[in-house]
Structures are given as structure tokens and as C-alpha cells.
Amino acid sequence: MALLTDDDPSRLRAVAALAPVADLLRAIGERFADAGHELSLVGGPVRDALLGRTGDDPAADLDFTTDARPDDIEGLLKGWAETTWDVGIRFGTVGARIRGREVEVTTYRAETYDPASRKPEVDFGSSLDGDLGRRDFTINAMALRLPELDLIDLFDGRGDLARGILRTPGSPQDSFSDDPLRMMRAARFSAQLGFEVHADVVAAMREQAERLTIVSAERVREEFMKIVMSPDPRRGLTLLVDTGLAEYVIPELPLLRLEEDEHHHHKDVYEHTLTVLEQAMALETAHAPASGPDPVLRLAALLHDIGKPRTRRFESDGRVSFHHHEVVGARMTRKRMQALRFSNELTDDVSTLVELHLRFHGYGSGEWTDSAVRRYVRDAGPLLTRLHKLTRADSTTRNRRRAATLQRAYDSLERRIDELTAQEEMASIRPDLDGRAIMDILGIAPGPVVGEAYQFLLDLRLDRGPMDPDLATEALLAWWGARNKG
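Bear in mind that the values here come from a model prediction, so they are computed numbers and not experimental data.

Quick notes on the overall build of the chain
Part 1 of the argument: Secondary structure summary: the chain contains 23 helices and 13 strands in total.
Part 2 of the argument: Counting across all 486 residues of the chain, residues that qualify as buried make up 51%.
Part 3 of the argument: The contacts in the chain between residues at least 6 apart in sequence include a share of 68% that link residues at least 24 apart.
Part 4 of the argument: Put simply, the chain shows about 22400 Å² of open surface, and 48% of that area lies on carbon and sulfur atoms.

Observations concerning the confidence of the model for the chain
Part 1 of the argument: Overall, the prediction assigns the chain a mean pLDDT of 88, with 89% of residues at 70 or greater.
Part 2 of the argument: Low confidence marks residues 261-266, where pLDDT is under 50. Its contacts with residues over four positions away, or in another chain, come to 17 contacts.

As for the sheet that holds strand β3 (residues 83-85)
Part 1 of the argument: The mixed open sheet is built from seven strands, whose spatial order is β3-β4-β5-β2-β1-β8-β9. One side of each edge strand has no neighbouring strand; the edge strands of this open sheet are β3 and β9 (150-153). Pairwise comparison of adjacent strand axes, ignoring direction, gives a mean angle of 30° for this sheet.
Part 2 of the argument: Here four bridges tie strand β8 (residues 142-146) to β9, and the two strands are oriented antiparallel to one another. Counterpart to Ala143 in the pairing with β9 is Ile152.
Part 3 of the argument: Helix α2 (residues 22-34) rests against β1 (39-42), β2 (62-66), β4 (93-98), β5 (101-107) and β8 of the sheet, and its axis sits at about 20° to β2.
Part 4 of the argument: Sheet strands touched by helix α4 (residues 70-77): β2, β3, β4 and β5. Its angle to β4, the strand with the most contacts, is close to 10°.

Brief notes about the pattern of salt bridges
Part 1 of the argument: This model, assessed by the stated rule, comprises 33 salt bridges.
Part 2 of the argument: Between Asp305 and Lys308 there is a salt bridge, with its nearest N and O atoms 3.3 Å apart.
Part 3 of the argument: Residues Asp348 and Arg334 are paired through a salt bridge, measuring 2.7 Å at the closest nitrogen-oxygen approach. Taken together, the positions of Asp348 in helix α17 (residues 344-356) and Arg334 in helix α16 (residues 325-339) put the pair 14 residues apart, joining distant regions of the chain.
Part 4 of the argument: Asp348 sits in the partly exposed class, given a relative accessible area of 34%.
Part 5 of the argument: Sharing partners across several salt bridges, the network here consists of Asp179, Arg185, Arg188, Arg219, Glu223 and Lys226.

Examining the side chain of Ser190
Part 1 of the argument: Position of Ser190 among the secondary structure elements: in helix α8 (residues 181-193).
Part 2 of the argument: Look past the residues within four positions of Ser190 in its chain and what remains in contact with it is Leu166, Phe195, Val197 and Arg235.

As for the nonpolar core
Part 1 of the argument: Counting 112 residues, the largest nonpolar core has Leu25, Ile28, Phe64 and Phe224 as the members making the most contacts within it.
Part 2 of the argument: Residues in contact with Phe64, not counting those within four places in the same chain, are Leu24, Leu25, Ile28, Leu39, Ser40, Leu41, Val42, Val103, Glu104, Val105, Thr106 and Leu146.
Part 3 of the argument: Leu433, Ile438, Met439 and Trp480 belong to the second largest nonpolar core, which has 11 residues in total.

Side note on helix α19 (residues 384-393)
Part 1 of the argument: In terms of burial, α19 is a largely internal element, eight of the 10 residues being buried.
Part 2 of the argument: Among the residues of α19, Leu384, Leu387, His388, Lys389, Leu390, Thr391, Arg392 and Ala393 are the ones counted as buried.

A short note on the packing of aromatic side chains
Part 1 of the argument: Tallied over the entire structure, the rule returns five aromatic pairs.
Part 2 of the argument: Taking the centre distance of 4.6 Å and the plane angle of 65° together, the rings of Phe360 and Tyr410 count as edge-to-face. On the criterion of sequence distance, the pair formed by Phe360 in the loop between α17 and α18 (370-380) and Tyr410 in helix α20 (residues 400-424) is long-range, its members being 50 residues apart.
Part 3 of the argument: Classification of Phe360 as buried rests on a relative accessible area of 4%.

Description of helix α23 (residues 469-485)
Part 1 of the argument: For α23, spanning 17 residues, the distance from its first C-alpha to its last is 24 Å, which sits close to the expected 24 Å at 1.5 Å a residue.
Part 2 of the argument: Buried residues along α23 sit in contact with α21 (435-442) and α22 (448-464).
Part 3 of the argument: Two or three places before Asp470, at the opening of α23, Asp468 has a side-chain oxygen 3.0 Å from that residue's backbone nitrogen.

Considerations on the pairing of β8
Part 1 of the argument: Counting buried residues in β8 gives four out of five residues, a clear majority hidden from the surface.
Part 2 of the argument: Relative to β8, β1 runs antiparallel, the two being bridged by four bridges. Bridged to Leu39 within β8 is Leu146.
Part 3 of the argument: Linkage of β8 to β9, two consecutive antiparallel strands, is achieved through a turn of three residues, within which Leu149 is found at a positive phi near 65°.

Section: the environment of Leu387
Part 1 of the argument: Relative to the assigned elements, Leu387 resides in helix α19.
Part 2 of the argument: In this structure, the C-alpha to C-alpha distance between Leu387 and Arg359, residues 28 residues apart in sequence, is 9.8 Å.
Part 3 of the argument: Once residues within four sequence positions are removed from consideration, Leu387 is found in contact with Leu353, Leu356, His357, Tyr376, Ala380 and Tyr410.

Overview of the pairing of β1
Part 1 of the argument: Across the two faces of β1 the burial is the same, with Leu39 and Leu41 and Ser40 and Val42 all buried.
Part 2 of the argument: As judged from the three bridges shared by β1 and β2, these two strands associate in the antiparallel manner. Considered in β2, the bridge of Leu41 is made with Phe64.

Structural notes on unusual backbone geometry
Apart from glycine, the bulk of residues carry a negative phi angle, and the bulk of peptide bonds sit in the trans form.
Part 1 of the argument: In this structure, the amide linkage connecting Leu146 to the following residue, Pro147, adopts the cis form with an omega of 5°.
Part 2 of the argument: With respect to the helices and strands, the residue Pro147 is situated in the loop between β8 and β9.
Part 3 of the argument: Backbone geometry at Leu149 places phi at a positive 65°, although glycine is not the residue there.
Part 4 of the argument: On the secondary structure map, Leu149 appears in the loop between β8 and β9.
Part 5 of the argument: Look at Arg341: it is not a glycine, yet its phi comes out positive at around 65°.
Part 6 of the argument: Here Arg341 lies in the loop between α16 and α17.
Part 7 of the argument: Taking relative accessible area as the criterion, Arg341 reaches 47% and is therefore assigned partly exposed.

Rules behind the numbers
Residues numbered from 1 in each chain as written. Predicted model: local features only at pLDDT ≥ 70, side-chain atom pairs only at ≥ 80, totals over all residues. Heavy atoms only, no water. Helix = DSSP H or I, 4+ residues; strand = E, 2+ residues; numbered from the N terminus. Buried < 20%, exposed > 50% of the residue type's maximum accessible area, 1.4 Å probe, protein only. Contact = heavy atoms within 4.5 Å. Areas by Shrake-Rupley, 256 points an atom, 1.4 Å probe, with all protein chains shown as cover. pLDDT = per-residue confidence, 0-100. Pairing = 2+ DSSP bridges. Axes fitted to C-alpha atoms, helices over the stretch in contact; angles between N-to-C directions. Salt bridge = Lys/Arg side-chain N within 4 Å of Asp/Glu carboxyl O. Core = buried A, V, L, I, M, F, W, Y, C linked by side-chain atoms within 4.5 Å. Phe/Tyr/Trp six-rings, centres within 6.5 Å; stacked < 30°, edge-to-face > 60°. Expected span 1.5 Å × (residues − 1). Polar contact = N/O pair within 3.5 Å; in protein donor to acceptor, adjacent residues only side chain to side chain.

Now the structure itself:
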């Protein structure tokens, strides 16, 4: 076993990074040792400590592995931890909250998948060596043995961290056969850490991409979103496309590689899409109001043009058109997100942004009426700020003059929105008469006709701006008379 000495720089760096939780590590380690069991901190916390990342993140979970069986783990933690839960106990995992920190303790195991099954078959192991050997990548196959805080590295994980490379402890074919989701984790860690994926790992991903179909949509979605929300999603998404994994996650994305953008003949839509995603990420913090990483904005940027392949037409003048691709794309977005089991709210928001992302291009040099501006705001609703960012990100032309013109036009639109908002409180636009007033004026009971009248007044409000009650009543009565006459 490769055991690092007390004065080894890697061990000292890891221990220093974990100093904020050192007392907790020693306490839980001593508790298991006193009961005659081994216990080690494993996986991400050890990797991050070796990278110099602090152990004082209160949101970070701590993962442990042990030779104790699940019932013994539960017995050792109950009454000592603040709380425990056993939802993963059939897979050998017991969760607990200790000193305000969530931890998971898992029995050494060798996990395999039946080729046709989504469910893992778990065999408990008896050694730390065997447990580390079944982990996904060498950088996650290191352990800090407790309570001594001895750093154990059997597969040169430290070397791979230093080289910035992702390898598997054993054969990547065997690793991915055991858990196909590890192929997506390769893309995720590459995007999160900026690491290269070893050629042997990439080859195995290509060979076994289809095996991802046995993994549940929920697990696939979680890994996909970790890629999208990473510091460099382009790196991870490109790996998914290049290995064929994207065909089983988001097949609409690789289809964009063959498409020519009607505005940007120098790049295909796939490249344009990744650029829009990166520009949207830059606007998360650069465009007020600022935000952190935004899943709605990032997904909308990634999916905004997926309707182009289905709407491509070759025109008589030799140009390529994609008429109504935003409408088709919104439907495709909804279908894909439903297949990946995204929430209804997130699906609605992203689909709406995809459908609205071209609306601005009708603005031209600023000839929109106040009515058109109001409708733009009303249709975007609470997504308006995100629509601003998405629309700006979608301007990827290399023509500096055209890019500057587009940005100035959008600056103008935002100013007009701000001015009208200040004048009319546009975020809460309502007709000048409510439903009760409509029924009183027209002498009608609740029913569909009230809705028709309400919509008429709302359209009038959007077209003309605010009206006093007398004028609104006059317009309503005129509409009512015309309707009944017809």
C-alpha cells in the first residue's frame, strides 16, 4: 500500500486543507477504531484537499468508507450523530449529520451492473485496496485513513492531479461496464477541473456509449447539469458529442454540427451554440442584475437553436433559411427536458426563452411602437432579465460594425423598457377595469364573455397605455355594442 509519510508535501497539503474538519475526522475515526473497524475519508474531499481547496465549505459532504457492515455503521452513529438516515443502507451507505456536517459512511464494496439492468448489484468487500480499485477515476481513488490522517494513493492519483489528466484505476472498459454513468462523469470532471481525458478512457467511452441507455433519466440529467453548470461546459459537451454519448443524452446537439447559420456563414450552428452559451455565462455577472451560475439561462442558450435542423430550407437565391425555428425549438426543448425529467417550472422557463429569443430582431433600428415594447415585456414576464442576456449572447457575428449596431439597438430597447416601466409599472400590467367592474358595467354574470371583455381591455391597455375609468368604460361599451350587433 502506498502510504505517504508525515513530511510528504502532498499529505501535509491535504491535512492543511482539511484542518477545519480535522477534529470531526479524528472523532469519527476514533469511534470506529475503538469498535475494531477501519475508516477512511475518500473521494472528492481528498481530491479537493490535494488541490488545495479548503475543507471549510459547510455545504460539502464528507464521504467515508469502512470495513464495518451497514448495521454496524448505523449502530456506531445512532445516538452519537445529531441524526442518521438509512435510505441507502441496502447499498451499504448510512447517512448522518455530525457537528452540522452531512456525512455518508459506506461499507467497502465491489459494485457491478447486470448488462441489462439499471440497478447495481452490490457485493461488500473486506479491504480498502479493493474498494479504492473500484472507484471511477484515479483522482477519486485516494483515501485519508483515520484517525491517523494517513494519505493512501494506490493508483498515482496525485500524479494525475499534477498532470491534469483523468484515468481509471483499472481498465476503463471494465469501469464503464460496471457503471455507465462514469462516462458522463469523465466529461463532468473534465469541465469542472479543466483536465484532459486519457485517450484510453475516450476510446472506451466511444465503444460503450450505447450502454448509457440502461441508466435512469434522473441520474443522466444530474450529470448533464453538472456539466452545463461547470466553469467550462464547452469542454464537457464537446466530449459528449465527440464520443457519441450526446446521442443518448441530448441528441439535438450533435445534429447542429451539420447546419449553417443564416447570419454567420463562417461557423456552423453547433459552434455558434457553444459560443452563445459562453457569452451567456459571461453576462450572468456582467449584466445587471447580476446572478450566479443560472441553469435557466444556460439551458436556454444551449437549446435556443435546436429547431434549426427541422426547419432548414434552401431558398432559390442560394441562401439557407430556418423560418420559425424558435417555435419548433421551443417544442423540441420541452420534449427533451421532459424526457430528462426536469421539473415543470424549469421546462416552462427554458422553453419560453427559446421561443422568445428571436423576438428582438423585429426591433430593427428602434421602430417598435410603445405597444410592441409592452408586449415584449408582458410575454417575457419574470424572464425578462434572462431574455435580455440571452438575446445579447446570441449576437456572435464577427462583423464588428454589425455587432455594435445590434448592441446599440438592444441598449435602446432596454432604455425604452425602463422608461415605460417607470411610467406605467409594466411588470403588473392589468386592464383598466377588473372583472367585477366589467360585469357591473355590462350587467352580465360570470362566464366566458367576461374573459373576452377582459382580454379586449388588456389589449387596449397594451396598445394605448393607461386609461382613466371613464374612457375605459366608454371603450368597453363600444366593444360590447359592436359585439352584440355582430
